[in-house]
Structure formats: structure tokens, C-alpha cells
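The primary structure of each chain is shown beneath.
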Amino acid sequence: MKTIQSKYLILVTLILAILGFFLYSTSTRKINFNPEKIARIEVFSKERKIKDINSPNKIDDIVKILKQLRSRTESVNDFPNLEKYYLLKIEELNVYIYENDKKYYVEVPYNAIYLINKIQYNKLLEIVK
């Protein structure tokens, strides 16, 4: 009798673990864009255009970082309420990069705010500056 109960317990635990993983993975937000279509990324600092990025290698480096990002934090702003940030215009998508309180972020308005590490932030700045 105990072996049947333990088998059911294992089965229920496994089902709950699978459901938990599924719910976690579907509740995280990704940046939705089509990397294959990107031919140019426009870079702005506040309201001023800095440059266009046309290099496939640099575009690929940016895309690699953006594709990794997952977040549960929703963005409810048109742009970050900060003095210093960079805006990447990627096709129809606006992507903001900024530092706030010694933390680094990528934000897509009305989608999500993504916490990134210092290495990713520095890599993005190296490309956009």
C-alpha cells in the first residue's frame, strides 16, 4: 500500500514541477522582434541621433544580447525617466539602455524592463557609442 502511495506522490510532484516550469516560462517576457530583418539600428542619446549601426557583426552582437533577455517586470512608460539613456530604434521597436542605482537595464516601452549585467551593458555601450 505504501509503494502505491509513494508512486502517486512522485507522480503528483512531477506533474506539479512540470506545471510550475510551464507557468514560469510563459509568464516571463521576451523581446519580440525578427532578427533576420534588421539591416540598420539607429542610436539616439536623449533626443539627439548619434549614429546608424549598419555592420552585420555589430547588429548580431546586439541581437545576441537582446535574445537572451527574460523579465517579469512590466514597463508602463514611453521612455525611462532618467537624464542619461540610449535609445536603439530596431525596425518598429524602441529599446532603451540605461544605468540606474548601479544596476543596468534594457527597457522596451509597454513590454518589459530587463535587468542586465555589467558585461552586457558595457558590450552594448561599446557598440552604440
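Preceding this paragraph is the structure being described.
The following refers to the structure shown. It should be emphasised that the depicted structure is a prediction, and the values quoted were computed from it without experimental measurement. All residue numbers refer to position in the chain's written sequence, counted from 1. Only residues with pLDDT of at least 70 get local features here, since the model is predicted, and only at 80 or more are side-chain atom pairs given and counted; chain-wide, interface and lining totals rely on the full set of residues. Values reported for side chains reflect all heavy atoms of the structure, with hydrogen atoms and water molecules removed beforehand.

Counted as salt bridges are all cases of a side-chain nitrogen of Lys or Arg within 4 Å of a carboxyl oxygen of Asp or Glu. All chains considered together, the criterion is met by eight salt bridges. Between aspartate 52 and arginine 40 there is a salt bridge; the shortest N-O distance is 3.9 Å. Residue aspartate 52 is found in strand 2 (residues 48–53), and its partner arginine 40 is found in the loop between helix 1 (2–27) and strand 1 (41–45); the two are separated by 12 residues along the sequence. Only protein chains enter the accessibility calculation, which uses a 1.4 Å probe; a residue whose area is less than 20% of its type maximum is buried, one above 50% is exposed, and one in between is partly exposed. The exposure class of aspartate 52 is partly exposed, given its relative accessible area of 31%. According to the relative accessible area criterion, arginine 40 is partly exposed, its value standing at 40%. We count a stretch as a helix when DSSP gives it H or I for four or more residues in a row; a strand needs E for two or more, and each element gets its number in order from the N terminus.

The way to describe two aromatic rings as a pair is by their centre distance and the angle between their planes. Any pair of Phe, Tyr and Trp rings, taking the six-membered ring for Trp, is counted once the centres come within 6.5 Å. Such a pair is stacked with planes under 30 degrees apart, edge-to-face with planes over 60 apart, and tilted for the rest. One pass over the structure, following the stated rule, counts four aromatic pairs. Among the aromatic residues, those joined into a cluster by ring pairs are Phe79, Tyr85 and Tyr96. Two conditions define a charge located above a ring, namely a distance within 6 Å from the ring centre to NZ of Lys or CZ of Arg, and an angle within 35 degrees of the ring normal. Geometry around phenylalanine 44 places lysine 89 over its ring, the cationic atom sitting 5.7 Å from the centre.

Before going further, it helps to examine the sheet that holds strand 3 (residues 86–90). Here, any two strands with at least 2 DSSP bridges between them count as paired. Here we have six strands laid out as an open sheet, ordered 2-1-3-4-5-6, and antiparallel in their pairing. Because the sheet does not close on itself, it has two edges, and the strands there are strand 2 and strand 6 (112–116). Averaged over all pairs of adjacent strands, the angle between their axes in this sheet comes to 25°, without regard to strand direction. Bridging between strand 1 and strand 3 involves five bridges; their strand directions are antiparallel. Counted as the bridge partner of phenylalanine 44 is leucine 87 from strand 3. Note on contacts: a residue pair is in contact if any heavy atoms of the two residues lie within 4.5 Å. Axes here mean lines fitted to C-alpha atoms, for a helix over just the part in contact, with angles spanning 0 to 180 degrees between N-to-C directions. Sitting on the sheet, helix 2 (residues 56–68) is in contact with strand 1, strand 2, strand 3, strand 4 (93–100) and strand 5 (103–108), with an inclination near 105° to strand 2.

Time to look at the environment of tyrosine 8. Mapping tyrosine 8 onto the fold places it in helix 1. Spatially, the C-alpha atoms of tyrosine 8 and proline 56 are 54 Å apart, while their sequence positions differ by 48 residues.

Right, let's talk about the side chain of glutamate 42 for a bit. Within the secondary structure, glutamate 42 sits in strand 1. Aside from chain neighbours lying at most four places away, what touches glutamate 42 is Lys49, Lys51, Asp52, Leu87, Leu88 and Lys89.

All right, on to the nonpolar core then. By size, the foremost hydrophobic cluster in this structure holds 28 residues, and its most contacted members are Leu88 and Val106. Elements supplying a minimum of two residues to this core: strand 1, helix 2, strand 3, strand 4, strand 5, strand 6 and helix 3 (118–128). If near-sequence neighbours (up to four positions away) are discounted, leucine 88 is found in contact with Ile41, Glu42, Val43, Ile62, Leu93, Asn94, Val95, Ile97 and Val128. In plain words, nonpolar cores are sets of buried Ala, Val, Leu, Ile, Met, Phe, Trp, Tyr and Cys residues tied together by side-chain atoms within 4.5 Å.

Here glutamate 91, not a glycine, exhibits a phi torsion of approximately 55°, which is positive. By the secondary structure assignment, glutamate 91 is in the loop between strand 3 and strand 4. Although it is not a glycine, aspartate 101 sits at a positive phi angle of roughly 55°. Note on placement: aspartate 101 falls in the loop between strand 4 and strand 5.

By themselves these figures say nothing about function.
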